[in-house]
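Chains, contacts and geometry: an overview
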Amino acid sequence: MATLEELKAKAVAMLDMAYVPYSHFPVGAALECEDGAVFTGCNIENSSYGLTNCAERTAAFKAVSEGHRRFKRIVIAGRSDDYCYPCGACRQVLYEFGPDMEVICLNKDNEEKRLHIKELLPYGFDQTWLAIDEK
Ligand code: THU
């Protein structure tokens, strides 16, 4: 199991991997799964702006594509004055695999704000709705 300080350091290190020629707004993420595996991510922009992938989803998709579907916590690092909160799309993706996970947002001074995914995504959509017809 990684310590929170280790996860924070990994998320901050990923700021240097961010590909952000358009926004110049790097984001780094370090995702810890329930089994202890850790996956990192950064945002990856594109000249076709809408194809940009956020740091959180880079980490999430790396984890799931390697067989890790239960998320425990994620640290999100940015270089902004305020904490770097996940966008709406990333909240939904994280909720799919971590409905009880912790989300730790950092600001440029590496101060942290610790939140539960359900604070960030109240009334989140999940597969229980899709199963209604099968009951
Ligand atoms: N971004 C992330 O990577 N994660 C977030 O939670 C917020 C936004 C990225 C997308 C884009 O590359 C840049 O930040 C500015 O929106």
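Before any of the text, the structure's been laid out above.
Attention here is on the structure that accompanies the text. (Residues numbered from 1 in each chain as written. Predicted model: local features only at pLDDT ≥ 70, side-chain atom pairs only at ≥ 80, totals over all residues. Heavy atoms only, no water.)

**With respect to the nonpolar core**
Generally speaking, nonpolar side chains in soluble globular proteins are found buried as a group. In plain terms, the rule: The term nonpolar core refers to a set of buried residues drawn from Ala, Val, Leu, Ile, Met, Phe, Trp, Tyr and Cys, joined through side-chain atoms within 4.5 Å. Residue exposure (1.4 Å probe, protein chains only): buried if accessible area is under 20% of the type maximum, exposed if over 50%, otherwise partly exposed. Note on contacts: a residue pair is in contact if any heavy atoms of the two residues lie within 4.5 Å.
Within the largest apolar cluster, 24 residues are counted, with the highest numbers of intra-cluster contacts made by Leu31, Phe71, Ile74, Leu94, Met101 and Val103. The residues touching Val103, leaving out its near neighbours within four places in the chain, are Ile74, Ile76, Pro86, Lys113, Arg114, Leu115, Ile117 and Leu120.

**What about the environment of His24?**
For the record, the criterion: Only DSSP runs of H or I covering at least 4 residues are called helices, and only runs of E covering at least 2 are called strands; the numbering of each starts at the N terminus. Side-chain atoms alone can form a polar contact between residues adjacent in sequence; in general such a contact is a pair of N or O atoms within 3.5 Å, and within protein one must be able to donate a hydrogen while the other accepts it.
The topology assignment puts His24 in the loop between helix H1 (4–13) and strand S1 (27–33). A relative accessible area of 61% means that His24 is categorised as exposed. For the pair His24 and Glu119, spaced 95 residues apart in the sequence, the C-alpha separation amounts to 28 Å. In terms of polar contacts, His24 uses its side chain to reach the backbone carbonyl oxygen of Pro21, at 3.2 Å.

**Brief notes about the site of the ligand**
Inclusion rule: Only heavy atoms are used to decide nearness, and a residue is near a molecule or strand if one of them lies within 4 Å of it. The Shrake-Rupley method, run with a 1.4 Å probe, gives the accessible areas here. Residue values count only the displayed protein chains as cover. Residues are grouped as follows: nonpolar covers Ala, Val, Leu, Ile, Met, Phe, Trp, Tyr, Cys and Pro; charged covers Asp, Glu, Lys and Arg; every other residue, Gly included, is treated as polar.
Taken together, Ser23, Phe25, Val27, Asn43, Glu45, Thr52, Cys54, Ala55, Glu56, Tyr85, Pro86 and Cys87 make up the full set of residues adjacent to the ligand. In this structure, Tyr85 approaches the ligand through a main-chain N or O atom, which is 3.2 Å from an oxygen atom. Computed on the free molecule, the ligand has an accessible area of 370 Å², of which 78% lies beneath the protein chains in the complex. Tallied by class, the residues present in the shell around the ligand amount to seven nonpolar, three polar and two charged.

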